[in-house]
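# Structure assessment
Take a look at the letters that make up each chain.
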Amino acid sequence: GAPCSALLEPCVSPNWGHHAAGAMAMWRRVTLLAAMAGVLVSSPSPTEAFLQQATTPLGCGGGHQRRGPSLIRTREPRRAREPRWTGRSSSYGLAARRSVVLSMVKLRRATAEDVPGIVALAASTFGAGDPENIEDKLFRWSVDKGFSARISGDWDDRDHCVFVATNDSENELVGLIEVSMQPQSGQTAPPFPVPAFLKRLSIRPLFPYISNLVIADKERRKGYAKRLVRACEQQARGWGYDRCYLHVDLDYPPAAALYEGMGYGVVREDPSWMKTVNGVALRYMSKALK
């Protein structure tokens, strides 16, 4: 870490340096006079070149090396070009990693064999966490009966559809979502499916309604939720509709941000006192399907 001047002291004696400095001063005067006379002198004098080489140790710049009695002029070593941040490399790397993760997950329609996994996923997310708790038992029972009826019942294919996301490496159910035809009333879908002919008796028109989006805790923020929502939107288009609806819990901002980022707008929002009455305040949202 010592400066170059300190490293030079053992190499150049004071007497030799004094005479060399005088020779350089004389050469500069000659160069100045020549320039004033219109004579172009572009190359350094042998004395100046030698002094520059002798007083510049290796590693301190100067671009000269000495090999024996001769002087060899060499190029400056190229500096490594600093990486230039374009704003795309980081996002590209994240997108590439995310695409690898998504390629390991399979989306498909749920079958009767998926019901135990659906119950376990819903209970781990919304349940009390105690299998012996009476509320947890009732919750598991309602999920089991509700989705068994949705999946195994003899329903109209244009009334509802349940999608699941499974991890191909472990065949583990990591995500769930449902899209069903519901009256455009702003009410949430009932826990048990209602026959289509009864829903058509409503004075309000039926529209695709997305509900029961659940992602396993350890698999969140990997893009599964967005992929499941898009599957429901595609199903709604297949049914011939250009708009779909959903609800989101106001106490869960990440979900609201997800839907807003996907183009959903607010239809109406529960007042804050509804959380005291119902235990939850919801935002009713819709999206025009292109």
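Here, residues in each chain are numbered from 1, in the same order as that chain's written sequence. Thresholds applied to this predicted model are a pLDDT of at least 70 for local features of residues and 80 or more for the giving and counting of side-chain atom pairs; totals over whole chains, interfaces and linings are not thresholded and use all residues. Working from all heavy atoms in the structure, the side-chain values ignore hydrogens and water.

In this section: the overall build of the protein. We count a stretch as a helix when DSSP gives it H or I for four or more residues in a row; a strand needs E for two or more, and each element gets its number in order from the N terminus. When its secondary structure is counted, the protein shows 10 helices and 9 strands. Throughout this description, buried means an accessible area under 20% of the type-specific maximum (1.4 Å probe, protein chains only), exposed means over 50%, and partly exposed covers the range between. Within the protein, buried positions represent 31% of all 290 residues. Across the protein, contacts joining residues at least 24 apart in sequence account for 64% of those joining residues at least 6 apart. Only the protein chains shown count as cover for residues, and the accessible areas themselves come from Shrake-Rupley with a 1.4 Å probe. Surface accessibility of the protein: about 19,000 Å² in total, with carbon and sulfur atoms responsible for 56%. The contact rule is simple, with two residues in contact once any of their heavy atoms fall within 4.5 Å.

Backbone geometry at N212 places phi at a positive 55°, although glycine is not the residue there. Secondary-structure assignment places N212 in strand β6 (residues 206-215). Not every positive phi belongs to a glycine, and R221 is a case in point at roughly 60°. If you trace the backbone, R221 turns up in the loop between β6 and α8 (224-238).

Strand pairing is defined by DSSP finding a minimum of two bridges between the two strands. Reading across the sheet, the 7 strands line up as β3-β4-β5-β6-β7-β9-β8 and stay open at both edges, with mixed pairing between neighbours. Only two strands of the sheet have a single partner each, and these edge strands are β3 (105-109) and β8 (265-269). The sheet shows a mean angle of 25° between the axes of neighbouring strands, taken without regard to direction. By the bridge criterion, 5 bridges tie β3 to strand β4 (residues 160-167) in an arrangement that is antiparallel. In this description, a line fitted to the C-alpha atoms serves as the axis of each element, helices being fitted only across the stretch in contact, and the angle between N-to-C directions of two axes falls anywhere from 0 to 180 degrees.

Time to look at the side chain of Q182. Along the chain, Q182 turns up in strand β5 (residues 172-183). Each polar contact in these results corresponds to two N or O atoms within 3.5 Å; when the atoms are within protein, one needs to be able to donate a hydrogen and the other to accept it, and residues that are neighboring in sequence are counted only if both atoms are side-chain atoms. Among the polar contacts listed, one links the side chain of Q182 to the side chain of S180, at a separation of 3.0 Å. Ignoring any residue separated from it by four or fewer positions in sequence, one finds Q182 in contact with A189, P190, K199, P205, L206, F207 and Y209.

Turning our eyes to something else, we now look at the packing of helix α5 (residues 115-126) against helix α6 (residues 134-152). At their nearest, the axes of α5 and α6 sit 9 Å apart, and the two run at 140° to each other. Between α5 and α6, the crossing angle belongs to the class labelled oblique. Here α5 and α6 pass one another in a crossing that is right-handed. Of α6, the residues touching α5 (which contributes V115, I118, V119, A122, A123 and F126) are F139, R140, V143, D144, F147, S148 and I151. Counted by class, the contact of α5 with α6 contains 10 nonpolar, 1 polar and 2 charged residues. Oblique is the label for any angle not covered by the other classes, which are roughly parallel (under 35 degrees), roughly antiparallel (over 145) and roughly perpendicular (65 to 115). Helix crossings get a hand from a simple test, with the near helix turned counterclockwise from the far one by less than a right angle marking a left-handed crossing and a clockwise turn marking a right-handed one. Gly falls in the polar group here, along with every residue not listed as nonpolar (Ala, Val, Leu, Ile, Met, Phe, Trp, Tyr, Cys, Pro) or charged (Asp, Glu, Lys, Arg).

Moving on to the nonpolar core. By nonpolar core is meant a set of buried Ala, Val, Leu, Ile, Met, Phe, Trp, Tyr and Cys residues that side-chain atoms within 4.5 Å join together. Of all hydrophobic cores here, the largest spans 29 residues; its most connected members are F163, I177, V179, I210, V229, Y259 and Y264. A110, V115, I118 and V162 belong to the second-largest nonpolar core, a separate cluster that totals 14 residues.

This part covers the environment of T111. Inspection of the secondary structure puts T111 in the loop between β3 and α5. By relative accessible area, T111 is classed as partly exposed at 32%. C-alpha separation for the pair T111 and V162, spaced 51 residues apart in sequence, amounts to 8.7 Å. Separated by 3.1 Å, the side chains of T111 and E113 make a polar contact.

Attention now moves to the packing of aromatic side chains. Think of it this way: a Phe, Tyr or Trp ring, Trp meaning its six-membered ring, pairs with another when their centres are within 6.5 Å, and the plane angle makes it stacked under 30 degrees, edge-to-face over 60, tilted otherwise. Under the counting rule described, the total for this entry stands at 5 aromatic pairs. With a centroid separation of 5.4 Å and an interplanar angle of 20°, the aromatic rings of Y245 and Y284 are classed as stacked. Taken together, the positions of Y245 in strand β7 (residues 243-249) and Y284 in strand β9 (residues 282-288) put the pair 39 residues apart, joining distant regions of the chain. Classification of Y245 as buried rests on a relative accessible area of 6%. Accessibility expressed as a relative area gives 4% for Y284, which makes it buried. One aromatic cluster is present, formed by F207, Y241, Y245 and Y284 through successive ring pairs. The ring of F147 carries the charged tip of R150 above its face, separated from the ring centre by 5.0 Å. Geometrically, a lysine NZ or arginine CZ counts as sitting over a ring once it is within 6 Å of the ring centre and also within 35 degrees of the ring normal.

Here a helix's expected span is defined as the number of its residues, less one, multiplied by 1.5 Å. The terminal C-alpha atoms of α8 lie 21 Å apart, and with 15 residues this matches the ideal 21 Å at 1.5 Å per residue to within 8%. Looking only at α8, the buried set comprises Y224, A225, L228, V229, A231, C232, E233, Q235 and A236. In the stretch just after α8, G240 is the one whose phi turns positive, near 95°.

Okay, the state of the cysteines next. The disulfide criterion is simple: two cysteine sulfur atoms within 2.5 Å. This structure, assessed with the given rule, holds 0 disulfides. The cysteine C161 is free of any disulfide, with C232 supplying the nearest cysteine sulfur at 7.2 Å. The class of C161 is buried, set by a relative accessible area of 1%. A relative accessible area of 1% means that C232 is categorised as buried.

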